[in-house]
Structure formats: C-alpha cells, structure tokens
Amino acid sequence: MALYSEKVMDHFMNPRNVGVIEDADGVGEVGNAKCGDIMKMYLKIDDDIITDVKFETFGCASAIASSSMATELIKGKPVEDAMELTNKAVAEALDGLPDYKMHCSVLAEEAIQSALEDYRNKKEQA
Ligand code: FES
C-alpha cells in the first residue's frame, strides 16, 4: 500500500486556500516542538459563518495536506461546526494518514481552534 492516500497527495501537491487574510477576524498559529512544523490559520467570519479561510504551513506533506483539507471542511460553515472539527475528521477526509503522521492533523485542529479563540477574544473586546 502506498504510504499516502491519493487525497493526501492531491492536497499536498495542490493545496487549497493557501495564503493570508490581511483583515482576518481570527488568526491562530501553532507549532509542534518535536518536528518544528508551524501552521497559521486566518479566518474571515460574518454573522458567525466562516466566509473565508486561508493558511500558511511550514511543515511536512501531511501537515500541508491536513491544513488544506481542514480549510475545505470549515469554509462556509458556522463557527459552531468548526469548533467541533477534530483531527480525526481531517485525517478521515484525507482517506487516512499513517499512524506516525497523525500528529500532523492535530496541528490543523489546533490551528483552527486557536484562530477561533482569537475571534472570540476579539469579539468580546469589541
Ligand atoms: Fe510535524 Fe508533520 S512531521 S507536522
């Protein structure tokens, strides 16, 4: 069996939603101290709907594929749905990741949660 599913390869080679949102409503950055990979997520939110999402990932193929898939899973969805997104759901949507690469999908979950937290904090301060 190939190490990576076709979906992982597709999202790694042609990642969706790469980039920066300058006037983002929520930004989250997380890293994994062991491998040194870093992921940054930007969210644009209107009326509690995620209207746009972009990411920058400095990391392995699985981290890039996970961020790309995670953005696709939450784009256009209510904030509540995004809050429930788990790394398992991201990995499943990619048709699986090798066990030792599951932590890469955790980074995507954490980056989104961190961006949502930033959004909530900003909202409270407004
Ligand atoms: Fe660290 Fe993939 S090896 S995120």
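The structure displayed is predicted, hence computed values, not measured ones.

J.: I would appreciate a short explanation of the overall build of the protein in the present structure.
T.: When you go through the protein residue by residue, the secondary structure sums to five helices and three strands. Along the chain direction, N to C, the helices and strands of the protein fall in the order α-β-β-β-α-α-α-α. Over its C-alpha atoms, taken along the principal directions, the protein stretches across nearly 50 × 30 × 25 Å. Burial analysis of the protein (126 residues in total) assigns 44% to the buried set. Long-range pairs, those at least 24 residues apart, make up 61% of the contacts in the protein between residues at least 6 apart in sequence. For the protein, the accessible surface area stands at approximately 6700 Å², while carbon and sulfur atoms represent 51% of it. In the protein, 13 side chains carry a positive charge and 24 a negative one; their mean positions are 2 Å apart.

J.: Would you mind going over the sheet that holds strand S1 (residues 26-31) with me for this structure?
T.: Strand pairing in a sheet is mediated by backbone hydrogen bonds. Such pairs are either parallel or antiparallel. In space, the three strands of this open sheet follow the order S1-S2-S3, with antiparallel pairing throughout. In the strand order of this sheet, the two ends are held by S1 and strand S3 (49-58), each with one partner. Taking the axes of each pair of neighbouring strands and ignoring which way they run, one obtains an average angle of 15° across the sheet. Across nine bridges, strand S2 (residues 38-46) lies against S3 in antiparallel orientation. The partner of Met39 across the bridge, within S3, is Thr57. Contacts from helix H2 (residues 61-74) reach S2 and S3, with the element oriented near 175° to S3. Strands in contact with helix H5 (residues 102-125) are S1 and S2; relative to S1, the strand with the most contacts, it is inclined by about 145°.

J.: Looking at this structure, how should I read the environment of Ala89?
T.: The residue Ala89 is located in helix H4 (residues 87-93) in this model. Residue class for Ala89 comes out partly exposed when judged on its relative accessible area of 30%.

J.: Whenever I open this one, the nonpolar core confuses me. Can you help?
T.: A general trend in soluble globular proteins is that nonpolar side chains are found buried together. Counting 31 residues, the largest nonpolar core has Met39, Met41, Leu43, Ile50 and Ile74 as the members making the most contacts within it. A total of eight residues in this core trace back to one element, the largest contributor, which is H5.

J.: What exactly am I supposed to notice about the pairing of S2 here?
T.: Two faces, one strand: in a regular strand the side chains alternate between the faces of the sheet. Strand direction decides the pairing type here: S1 and S2, joined by six bridges, are antiparallel. Directly across from Gly31, in S2, lies its bridge partner Ile38. The turn joining S1 and S2, which pair antiparallel and follow one another in sequence, is formed by six residues; a positive phi near 80° is taken by Gly36.

J.: Looking at this model, I keep getting lost on the packing of H2 against H5. Mind explaining?
T.: Across the interface, H2 lies against H5 with an axial gap of 8 Å and an inter-helix angle of 40°. The pairing of H2 with H5 is recorded here as oblique in orientation. The two elements H2 and H5 meet at a crossing, and its hand is right-handed. Judged by residue contacts, Ser62, Ala63, Ser66, Ser67, Ala70 and Ile74 of H2 engage Cys104, Ser105, Ala108 and Ile112 from H5.

Rules and cut-offs
Residues numbered from 1 in each chain as written. Predicted model: local features only at pLDDT ≥ 70, side-chain atom pairs only at ≥ 80, totals over all residues. Heavy atoms only, no water. Helix = DSSP H or I, 4+ residues; strand = E, 2+ residues; numbered from the N terminus. Buried < 20%, exposed > 50% of the residue type's maximum accessible area, 1.4 Å probe, protein only. Contact = heavy atoms within 4.5 Å. Areas by Shrake-Rupley, 256 points an atom, 1.4 Å probe, with all protein chains shown as cover. Lys, Arg positive; Asp, Glu negative; His and termini not counted. Charge placed at Lys NZ, Arg CZ, Asp CG, Glu CD. Pairing = 2+ DSSP bridges. Axes fitted to C-alpha atoms, helices over the stretch in contact; angles between N-to-C directions. Core = buried A, V, L, I, M, F, W, Y, C linked by side-chain atoms within 4.5 Å. Parallel < 35°, antiparallel > 145°, perpendicular 65-115°, else oblique. Left-handed = near helix turned anticlockwise from the far one by under 90°.

The quantities given are spatial measurements derived from coordinates; they are silent on function.
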